[in-house]
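The lines below spell out each chain.
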Amino acid sequence: MDESGGSGQPRSGTGKAAEHHERPPASAGPAFDAHPGPAGPETTGPKPAAPGHDTRTATQPDADTGTRPEPPAPDGHTTTARNRPGPDTDSATPGTGTTPGTETPHDPPAKTPATTGPAEETTPPGEPSRPSGPPDDHDDHDETHEGPATTHRTHARTEDNGKSRPPRRTKEPGGGLLMGRPFGVPVYVAPSWFLVAALITWVFGGQLDRVLPDLGAARYLVSLFFAVAFYASVLVHELAHTVAALRFKLPVRRIQLQFFGGVSEIEKEAETPGREFVLAFVGPLLSLVLAGLFYLAMLPVEPGTVPGVLLAGLMVSNLIVAAFNLLPGLPLDGGRMLRAVVWKITGRAMSGTIAAAWVGRALAVSVLIGLPLLTQSETLGAAPENTGGMDTITDALLAAILAAIIWTGAGNSLRMARLREHLPELRARSLTRRAVPVETGTPLSEALRRANAVGARALVVVDTDGEPLSLVREAAIVGVPEHRRPWVTVSNLAQDLTDGMRVSAELAGEDLLDALRASPATEYLVVEDTGEIYGVLSAADVERAFVKAMARPS
């Protein structure tokens, strides 16, 4: 994805990952205005306060840049779940139309901040392109900087400059009506559950009319109790998965009861095939245990009574839930068990996912064709002559819905596996932009001149001791006309740093995405383990790298 979409968001070049102690190269061409004009007066009066930290959610597009501040993530496993894309050609610099020139690479001194990857910018609409220096006769081509952004070391403090801010509340995952938090995991009832509860009440009520005709209209109250008890059994099934996941230290986002059963959204994969097998098997095992308990409770009860009918129905329904989930195809529990077996044999989790997903798709086709034929045959005790046209349509519709759920779930499992396979390609160190530190009262034009001198693409506002205070927002720079830049200080365009906006240069993959999701913002300060500033990470760069990684075949 190499287009800015007219929002002023720069396009990124392709960058290679740096070694652990290697500083990233500078951008291809100046990232900011290389024709700033006079430095302009410094502001002596009180400066406006920098904007507060960004509290937008992970999926809300950024109003300044037109891009989402947070890279996508896998649901249920988030994940979620990628190296940096970029264009093949350079374009003009935002705000001025500056054309990148050519520079000879030079060696950097030790311990100087820098960022990764060439970058390319676009001229904002409506602004003519002007060269920043003497006319060039040659075509534009890439330049690589290896030089420092500054000659002194700047460190990031872990405290928030003496300011105490309340901790950021994590946004609830949502998904329906919150019923409780067993083991600390929220349980939601989706709106679709009320539809299936009404359907079960109607169908089971019709059966009760044949078995217990004396109940009259009260049969629907008994049927509603059965629907609630059945989904309580489904909740126990899902809690078994949740407890096993927590036992293996895998975070569980939520449990949701919906139209066709329930789902436990476990955010990370099991580390071994053995744990994956156990994690999948405990759900059907608990359903079998419940079926056995209902059978034992049914023994001393009269068969023709309301308790007897309810216990028999719950026993049969739990047996069906266990048997259906043991079918060997994703996204069912049996498919995860098959995935674990193939993973153990081949040593590759991806091979297990592919095998189980394709078995799941074959299972979906079998359900679509076989379930209506099975219900119309005498195998289930129904005589073909007693089967009406309405029953045939209902069976076909049910089969189609089940087949669609299984087919879609198998495809989603494949996509999630590919996402996790590419996640390690997302590294904060390789995606970080070179940054130059500037003091609070520095005019924007002077700050951009310094950044262009070293090929930096980001500005970090520091105090007189070199401690970082805030980040100058890229979208805000683009929005300042060139003739105004000498009279606008960088502090007017900066966003205060919060603890969540400081990320380690060593973060990669799922850990990096988790850090960005925890504190949604457009830019982040990247620091070394020693506290030294490494550069600035743009959420837009991470998103582009994620999209490019996902586009590559596994």
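Residues numbered from 1 in each chain as written. Predicted model: local features only at pLDDT ≥ 70, side-chain atom pairs only at ≥ 80, totals over all residues. Heavy atoms only, no water.

1. Remarks on the nonpolar core
(1) Moving on: Of all hydrophobic cores here, the largest spans 31 residues; its most connected members are Leu426, Val460, Tyr524 and Leu537.
(2) Moving on: Of all elements in the fold, only α8 (428-431), β8 (458-462), α11 (509-518), β12 (523-527), β13 (533-538) and α12 (539-551) reach the threshold of two or more residues within this core.
(3) Moving on: At five residues, α12 tops the list of elements feeding residues into this core.
(4) Moving on: Within the second largest apolar cluster, 26 residues are counted, among which are Phe226, Val234, Leu257 and Val309. (Core = buried A, V, L, I, M, F, W, Y, C linked by side-chain atoms within 4.5 Å. Buried < 20%, exposed > 50% of the residue type's maximum accessible area, 1.4 Å probe, protein only. Helix = DSSP H or I, 4+ residues; strand = E, 2+ residues; numbered from the N terminus.)

2. Topic: a nonpolar patch on the surface
(1) Moving on: A surface patch of nonpolar side chains, about 560 Å² in accessible area, is lined by Leu285, Val289, Leu293, Tyr295, Leu296 and Leu299.
(2) Moving on: Secondary-structure assignment places Leu293 in helix α3 (residues 273-298). (Patch = residues over 30% accessible without salt bridge, like charges linked within 9 Å, V, L, I, M, F, W, Y side chains within 5 Å. Areas by Shrake-Rupley, 256 points an atom, 1.4 Å probe, with all protein chains shown as cover. Salt bridge = Lys/Arg side-chain N within 4 Å of Asp/Glu carboxyl O.)

3. Quick word on the pattern of salt bridges
(1) Moving on: Here the structure, examined in full by the defined rule, presents 15 salt bridges.
(2) Moving on: A salt bridge links Arg254 to Glu265, with the shortest nitrogen-to-oxygen separation between them at 2.8 Å. One end of the pair, Arg254, is in strand β5 (residues 252-258); the other, Glu265, is in strand β6 (residues 261-266), with eleven residues separating them in the sequence.
(3) Moving on: Assessed through its relative accessible area of 10%, Arg254 is described here as buried.
(4) Moving on: Put simply, Arg433 and Asp541 hold a salt bridge, and the shortest N to O gap is 2.7 Å. Here the residue Arg433 occupies a position in the loop between α8 and β7 (435-439), and Asp541 occupies one in helix α12, the gap between them amounting to 108 residues.
(5) Moving on: When its relative accessible area of 3% is taken as the criterion, Arg433 is described as buried.
(6) Moving on: Overlapping salt bridges bring together Glu269, Glu276, Arg336 and Arg339 as one network.

4. Considering the packing of α3 against helix α5 (residues 333-346)
(1) Moving on: Relative to each other, α3 and α5 sit at 160°, their axes nearing to 8 Å. As the angle between them shows, α3 and α5 are arranged roughly antiparallel. When you trace α3 past α5, the crossing you get is left-handed. Contacts between α3 and α5 involve Pro273, Glu276, Phe277, Leu279, Ala280, Phe281 and Pro284 from the first element and Asp333, Arg336, Met337, Arg339, Ala340, Val341, Trp343 and Lys344 from the second.
(2) Moving on: Here the contact of α3 with α5 is built from residues that sort into ten nonpolar, no polar and five charged. (Axes fitted to C-alpha atoms, helices over the stretch in contact; angles between N-to-C directions. Parallel < 35°, antiparallel > 145°, perpendicular 65-115°, else oblique. Left-handed = near helix turned anticlockwise from the far one by under 90°. Contact = heavy atoms within 4.5 Å. Nonpolar A, V, L, I, M, F, W, Y, C, P; charged D, E, K, R; others polar.)

5. Digging into the confidence of the model for the chain
(1) Moving on: When the pLDDT values of the chain are averaged, the result is 74; 66% of them are 70 or greater.
(2) Moving on: Per-residue pLDDT stays below 50 along residues 1-23; that stretch engages in 81 contacts with residues further than four places along the chain or on separate chains.
(3) Moving on: Across residues 33-170, where pLDDT falls below 50, the model places 408 contacts with residues more than four positions away in sequence or in other chains. (pLDDT = per-residue confidence, 0-100.)

6. Details of the environment of Phe226
(1) Moving on: Following the sequence through the fold, Phe226 ends up in helix α2 (residues 219-247).
(2) Moving on: Between the alpha carbons of Phe226 and Leu314 there is a distance of 7.5 Å; along the sequence they are 88 residues apart.
(3) Moving on: With residues near it in sequence (within four places) discarded, Phe226 still touches Ile200, Phe204, Leu310, Gly313, Leu314 and Ser317.

7. Focus on the environment of Leu448
(1) Moving on: Along the chain, the position of Leu448 falls in helix α9 (residues 444-454).
(2) Moving on: Assessed through its relative accessible area of 1%, Leu448 is described here as buried.

8. A closer look at empty space enclosed by the protein
(1) Moving on: In this structure, the largest cavity spans a volume of roughly 70 Å³.
(2) Moving on: Taken together, eleven residues make up the lining of the largest cavity; nearest its centre are Arg457, Ala458, Val472, Glu474 and Glu523.
(3) Moving on: Residues of the lining of the largest cavity, tallied by class, amount to seven nonpolar, no polar and four charged. (1 Å grid on protein atoms, 1.4 Å probe; cavity = no way out; pocket = protein on both sides within 12 Å on 5 of 7 lines; lining within 4 Å. Points joined across faces, edges and corners; volume = space filled by probe spheres on them.)

9. What to know about unusual backbone geometry
(1) Moving on: Residue Pro331 is reached from Leu330 by a cis peptide bond, and omega for that bond is 10°.
(2) Moving on: Take Pro331: it is sitting in the loop between α4 (306-325) and α5.
(3) Moving on: One non-glycine residue, Phe183, lies in the positive phi region at around 60°.
(4) Moving on: On the secondary structure map, Phe183 appears in the loop between β3 (177-180) and β4 (187-189).

10. Focus: the packing of aromatic side chains
(1) Moving on: In this structure the tally under the stated criterion is six aromatic pairs.
(2) Moving on: Judged by centre distance (5.1 Å) and plane angle (80°), the rings of Trp193 and Phe194 are edge-to-face.
(3) Moving on: When the centroid spacing of 4.3 Å and the interplanar angle of 15° are considered together, the rings of Phe204 and Phe226 count as stacked. You can see Phe204 sitting in helix α1 (residues 191-211) and its partner Phe226 sitting in helix α2, a full 22 residues away along the chain.
(4) Moving on: Here a set of aromatic residues connected by ring pairs shows up, and it is made of Trp193, Phe194, Phe204, Phe226, Phe230 and Tyr231.
(5) Moving on: Lying over the aromatic face of Trp407, Arg361 brings its terminal NZ or CZ to 5.2 Å of the ring centre.
(6) Moving on: Looking at Arg429, its charged tip hangs above the ring of Tyr534, at a distance of 4.8 Å from the centre. (Phe/Tyr/Trp six-rings, centres within 6.5 Å; stacked < 30°, edge-to-face > 60°. Lys NZ or Arg CZ within 6 Å of the ring centre and 35° of its normal.)

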